[in-house]
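An overview of the molecular structure
Residue-level listing of the chains:
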Amino acid sequence: MALVRVPRSWEIRENLVTAESAYLNRRHFLKTTAAIGGSLFLNGGLQAESEEAVSDRDAVQALYPPEWNPAYRVHLPMTEEAVAGRYNNFYEFTTIKEKVYEVAQSFETYPWTIELDGHCENKGRFDVDALIRQFGIEERVYRFRCVEAWAMVVPWSGFPLHKLIDFAMPTDKAQYVCMYAFFRSEEATGQKKQNWYPWPYFEGMRLDEARNELAVMATGIYGKEMPVQHGAPIRLVVPWKYGYKSIKSVVKIEFSRRQPDTFWNTLSPREYDFWSNVNPAVPHPRWSQATELMIGSGERLQTLKYNGYRKQVEHLYS
Ligand SMILES: Nc1nc2c(c(=O)[nH]1)N[C@H]1C(S)=C(S)[C@@H](COP(=O)(O)O)O[C@H]1N2
Ligand SMILES: [Mo]
């Protein structure tokens, strides 16, 4: 696909309509094809759009596995795919880490749009496959550190968040970024069972943090498209912060002038502050942060300030 073409404000709605109608036509196309045993009685226009929708999905799938960017490596053994994929925090489904992958499997994550809103020029809803094709993806190996004092080393596929921010064209008023996950409690029944949580899950950062090169919108892991339990089809990864900042299954990004609230800070401000940078010197009320357990190997390691990314992010907090 050609370079990013930023749609003009009057084109945005149409852009959205195109993405959705292409999807609907694809469904119609597949259904009709099945019903009539493979022979096509579709008019040319509909058929053309259907083929376009199918090939968009195919084109995105063909990007995997993306090329590894060697600037992002970790000098520790990688966590095994099956280990990382069966030990997840994703409270929309269940609070039992070992069960998330199973409970989440049937959750449909295609098609998916991200809405850009708030203090930005390019407001609207954008199809994630189309964004992926525009921005391209690469692989980066990052440390991942949960506030519960466990850690992993995983290879993410995705694109830097600053590409999406530039696409959104934030105005001078924008100082913070807030992201929201989906609310679909009929399917993600954790959203019903844990009904005292302030759903949907939401998180925030200062705009300059969000623009840091390390901040990634991840669309895959282990060289494949993102499985649901890791936050399909697109989630944030900010490796210098505790894992809960890395919000999964994002449906909306909002640019704001004031510091936004966050899901965990709303629930328990004493335990989860807005910044949430990994810091071994500051214990959480329930967990010392001095060390971390590597999931899989069972090794206990010293926790590093900013999770080992001090050089890249320290200047943000001086
Ligand atoms: N939408 C959403 N995002 C979320 C969470 C969640 O419950 N819901 N849990 C967070 C926490 S606490 C962690 S540690 C990581 C876990 O990511 P992983 O399961 O891909 O390792 O996701 C974060 N993102
Ligand atoms: Mo976490």
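Structure's up top.
Every residue gets a number counted from 1 within its own chain, in the order that chain's sequence is written. All chains are assigned letters beginning with A, and all ligands numbers beginning with 1, in the order in which they are written. In keeping with the predicted nature of the model, local features appear solely for residues at pLDDT of at least 70, side-chain atom pairs appear and are counted solely at 80 or more, and the whole-chain, interface and lining totals rest on all residues. Hydrogens and water are ignored here; the side-chain numbers use all heavy atoms of the structure.

1. Quick look at the packing of helix 5 (residues 128-135) against helix 6 (residues 161-168)
Between N-to-C directions, angles span 0 to 180 degrees; the directions come from axes that are lines fitted to C-alpha atoms, helices contributing only their stretch in contact. For helices the rule is a DSSP run of H or I covering at least 4 residues; for strands it is a run of E covering at least 2, with both sets numbered from the N terminus onward. Taken N-terminus to C-terminus, the directions of helix 5 and helix 6 make an angle of 105°; their axes are 11 Å apart at the nearest point. Comparing their axes, helix 6 and helix 5 come out roughly perpendicular. Across the interface between the two elements, Leu131, Gln134 and Phe135 from helix 5 touch Lys163, Leu164 and Phe167 from helix 6. Here the angle decides the label: under 35 degrees means roughly parallel, over 145 means roughly antiparallel, 65 to 115 means roughly perpendicular, and every other value means oblique. Here a residue-residue contact requires only that any non-hydrogen atoms of the pair lie within 4.5 Å.

2. Notes on the pattern of salt bridges
Here the idea is simple: oppositely charged side chains can pair when their charged atoms come close. What makes a salt bridge here is a side-chain nitrogen of Lys or Arg within 4 Å of a carboxyl oxygen of Asp or Glu, nothing more. Scanning all chains against the criterion turns up 19 salt bridges. For glutamate 213, the salt bridge goes to arginine 140, with nearest N and O atoms at 2.6 Å. Remark: arginine 140 occurs in strand 3 (residues 138-145) and glutamate 213 occurs in the loop between helix 8 (207-210) and strand 7 (216-221); sequence separation between them is 73 residues. For glutamate 213, a relative accessible area of 35% puts it in the partly exposed group. For the exposure calls, accessible area comes from a 1.4 Å probe over protein chains only, and a residue counts as buried if that area is under 20% of its type's maximum, exposed if over 50%, partly exposed in between. Given a relative accessible area of 3%, arginine 140 falls into the buried group. Where glutamate 209 meets lysine 241, a salt bridge forms, and the shortest distance between an N and an O atom there is 2.6 Å. Here glutamate 209, found in helix 8, pairs with lysine 241, found in the loop between strand 9 (235-237) and strand 10 (250-256); they are 32 residues apart in sequence, far enough to count as distant.

3. What about the sheet that holds strand 5 (residues 176-181)?
Taking strand neighbours across the sheet as the criterion, the five strands line up as 2-1-10-5-6 in an open arrangement whose pairing is mixed. Of all the strands in the sheet, the pair left with one neighbour each is strand 2 (124-127) and strand 6 (202-206). Recorded for the sheet is a direction-independent mean angle of 20° between the axes of neighbouring strands. Contacts from helix 5 reach strand 1 (113-118) and strand 2 within the one sheet, and its direction differs from that of strand 2 by about 70°. Helix-sheet contacts for helix 6 involve strand 1, strand 2, strand 5, strand 6 and strand 10, and the interaxial angle to strand 10 is about 65°. In this description, strands pair whenever DSSP reports at least two bridges between them.

4. Structural notes on helix 6
For helix 6, a buried count of six out of eight residues is recorded, marking the element as mostly surrounded by other parts of the structure. Among the residues of helix 6, those classed as buried are Leu161, His162, Leu164, Ile165, Phe167 and Ala168. Count one or two residues on from helix 6 and you reach methionine 169, which has phi positive near 55°.

5. Digging into the pairing of strand 2
Of the strand pairs in this sheet, strand 1 and strand 2 are connected by four bridges, and their pairing is antiparallel. The residue bridging glutamate 115 from the neighbouring strand is arginine 125, located in strand 2. Counting the residues between successive antiparallel strands, the hairpin from strand 1 to strand 2 contains five residues.

6. Some remarks on the side chain of arginine 57
Take arginine 57: it is sitting in helix 2 (residues 44-61). Since its relative accessible area comes to 13%, arginine 57 is described here as buried. Of note is the side chain of arginine 57, whose polar atom sits 2.7 Å from the side chain of aspartate 129. In contact with arginine 57, other than residues within four places in its own chain, are Tyr110, Asp129 and Glu225. The definition of a polar contact used here is a pair of N or O atoms within 3.5 Å, where within protein one atom must be able to donate a hydrogen and the other to accept one, and adjacent residues in sequence count solely through side-chain atom pairs.

Function cannot be read off these values alone, since they describe shape.
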